[in-house]
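So you can see what is in the structure, the chains are spelled out below.
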Amino acid sequence: MELYLDTANVAEVERLARIFPLAGVTTNPSIIAASAESVWDVLPRLQKAVGPEAIIFAQTMSRDAKGMVEEARRLSKVVPGLVVKIPVTPEGLAAIKALKKEGIITLGTAVYSAAQGLLAALAGASYVAPYVNRVDAQGGNGIQMVQELQTLLERHVPGSMVLAASFKTPRQALDCLLAGCEAITLPVDVAQQMLMSPAVASAIDKFEQDWQNAFGTLHL
């Protein structure tokens, strides 16, 4: 199972990489724009923050396949091993097919249906990113869509992996993992919610109080 952070905040990645068993960092144009940093500057810094063995994901901006391929080549040169995110549109599928031939690893993104995700995988995407919460927000069932996509890839494109994205709660992420997802990417706040709970702090406070009362110290 691979766990990613969905952010371009280098300071947060540095802080959480010490704690979480991260496989890498995913970004998208909105995340990069919010960082107010050049994509060419922030990507190497994210790689340094999370470690040389981790995987960084970055997305193209062009709408046509030719532009996507050109941008993918540029992105691949900035960070060795970077995975290029391509929106799964008609032009995106053409770009994924072309990049597969060049040996550039891609992720099919902006996936709102199992059929759309299957096409991305068949075109050559190594990762497929269904948008769980966004599907829910449109009145669909994000977890069911992920289950269907996971089943389709296992049966027909076992070389591709679901990397579920767009989460608002830890429960959504856990349900995706229970559905068989091998990878998820979490916003920083959702990642922190998976670990922190008022009940945890309360339990630790009680342990400390009892120990202090008995032994007059908070050390072993």
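Residues numbered from 1 in each chain as written. Predicted model: local features only at pLDDT ≥ 70, side-chain atom pairs only at ≥ 80, totals over all residues. Heavy atoms only, no water.

To keep it simple, the criterion reads: UniProt positions are given in the numbering used here, feature names are shortened, and annotations may be inferred rather than shown by experiment.
Looking up the protein in an unreviewed UniProt entry gives the name Fructose-6-phosphate aldolase, with the organism given as Pseudenterobacter timonensis. Recorded in UniProt for the protein, the comment headed Subcellular location (unreviewed entry) runs: "Cytoplasm".

1. Looking at the packing of helix H6 (residues 114-123) against helix H8 (residues 142-156)
Spelled out, the test is: In this analysis, axes come from line fits to C-alpha atoms, helices being fitted only over the stretch in contact, and the angle between any two N-to-C directions falls in the range 0 to 180 degrees. Numbering goes from the N terminus for both helices and strands, where a helix is a DSSP run of H or I of at least four residues and a strand is a run of E of at least two. Between 65 and 115 degrees an angle is taken as roughly perpendicular, under 35 as roughly parallel, over 145 as roughly antiparallel, and anywhere else as oblique. A clockwise turn of the near helix away from the far one marks a right-handed crossing, whereas an anticlockwise turn of less than a right angle marks a left-handed crossing. Contact definition: two residues touch when any of their heavy atoms are within 4.5 Å. The residue classification treats Ala, Val, Leu, Ile, Met, Phe, Trp, Tyr, Cys and Pro as nonpolar and Asp, Glu, Lys and Arg as charged. All others, Gly included, are polar.
The interhelical angle for the contact between H6 and H8, taken along N-to-C directions, is 30°, at an axis separation of 9 Å. Here H6 is positioned roughly parallel relative to H8, judged by the angle of their axes. Handedness of the H6/H8 crossing: right-handed. In this structure, H6 contributes Ala114, Gly117, Leu118 and Ala121 to the contact, and H8 contributes Met145, Glu148, Leu149, Leu152, Leu153 and His156. Partitioned by chemical class, the residues of the contact of H6 with H8 number seven nonpolar, two polar and one charged.

2. Describing the sheet that holds strand E3 (residues 55-59)
Here is the rule: Two strands are counted as paired when DSSP detects at least two bridges linking them.
Read around the barrel, eight strands follow the order E1-E2-E3-E4-E5-E6-E7-E8 and close on themselves; strand pairing throughout is parallel. Strand-to-strand twist of the sheet, defined as the mean angle between neighbouring strand axes without regard to direction, takes the value 25°. Pairing analysis gives three bridges linking strand E1 (residues 2-6) to strand E2 (residues 24-26), with the strands arranged parallel. Looking at the pairing, Asp6 lines up with Thr26 of E2. Sheet strands touched by helix H5 (residues 90-102): strand E4 (83-87) and strand E5 (106-111). Its angle to E4, the strand with the most contacts, is close to 155°.

3. As for the environment of Pro29
Here is the rule: Think of it in three bands: with a 1.4 Å probe and only protein chains considered, a residue is buried below 20% of the maximum accessible area for its type, exposed above 50%, and partly exposed in between.
Inspection of the secondary structure assignment puts Pro29 in helix H2 (residues 29-35). For Pro29, a relative accessible area of 26% puts it in the partly exposed group. With 190 residues separating them along the chain, Pro29 and His219 place their C-alpha atoms 48 Å apart.

4. With respect to helix H4 (residues 65-78)
Residues three or four positions apart in an α-helix share a direction because the helix packs 3.6 residues into each turn. Rules: Working rule for helices: expected span equals 1.5 Å times residues minus one.
Here H4 is 14 residues long and its end C-alpha atoms lie 20 Å apart, about the 20 Å a rise of 1.5 Å per residue gives. Of all the positions in H4, only Ala65, Gly67, Met68, Val69, Ala72 and Leu75 are classed as buried. Where H4 is buried, its residues touch helix H3 (39-50), E3, E4 and H5.

5. A few points about the packing of H3 against H4
Between H3 and H4, the shortest axis-to-axis distance is 10 Å and the interhelical angle comes to 45°. When the axes of H3 and H4 are compared, the pair comes out oblique. The element H3 and its partner H4 pack so that their crossing is right-handed. Contacts between H3 and H4 pair Trp40, Leu43 and Pro44 from the former with Arg74, Leu75 and Val78 from the latter.

6. Looking at the side chain of Gln116
Test applied: For this analysis, a polar contact is any N or O atom pair within 3.5 Å, provided that within protein one partner can donate a hydrogen and the other can accept it, and provided that sequence-adjacent residues contribute only side-chain to side-chain pairs.
Mapped onto the elements, Gln116 comes out in helix H6. A relative accessible area of 18% places Gln116 in the buried class. A distance of 3.0 Å separates a polar side-chain atom of Gln116 from the backbone oxygen of Val88. Here Ala110 takes part through its backbone oxygen, which lies 3.0 Å from a polar atom of the side chain of Gln116. Not counting residues within four places of it along the chain, the set of residues in contact with Gln116 comprises Val88, Ala110 and Val111.

7. Let's talk about a nonpolar patch on the surface
Going by this rule: The residues that make up patches have over 30% relative accessible area and no salt bridge, and they are joined within 9 Å when like-charged or within 5 Å when they are Val, Leu, Ile, Met, Phe, Trp or Tyr. Note that accessible areas follow from Shrake-Rupley with a 1.4 Å probe, and for residues the cover is restricted to the protein chains shown. For this document, the term salt bridge refers to a Lys or Arg side-chain nitrogen within 4 Å of an Asp or Glu carboxyl oxygen.
On the surface, Ile19, Leu195 and Met196 cluster together to form a nonpolar patch covering roughly 310 Å² of accessible area. When you line up the elements, Ile19 lands in the loop between helix H1 (10-17) and E2. A relative accessible area of 41% means that Ile19 is categorised as partly exposed.

8. Describing the packing of aromatic side chains
Spelled out, the test is: In summary, the pairing rule links any two rings of Phe, Tyr or Trp, Trp by its six-membered ring, whose centres are within 6.5 Å, and it sorts them by plane angle into stacked for under 30 degrees, edge-to-face for over 60 and tilted for everything else.
In total, this model carries four aromatic pairs according to the counting rule given. Here the aromatic rings of Phe57 and Tyr127 are separated by 5.3 Å at their centres, their planes lie at 80°, and the arrangement is edge-to-face. Separated by 70 residues along the polypeptide, Phe57 in strand E3 and Tyr127 in strand E6 (residues 127-130) bring together distant segments of the chain. Like Tyr127, Phe57 is buried. Aromatic rings pair up to connect Tyr4, Phe57 and Tyr127 into one cluster.

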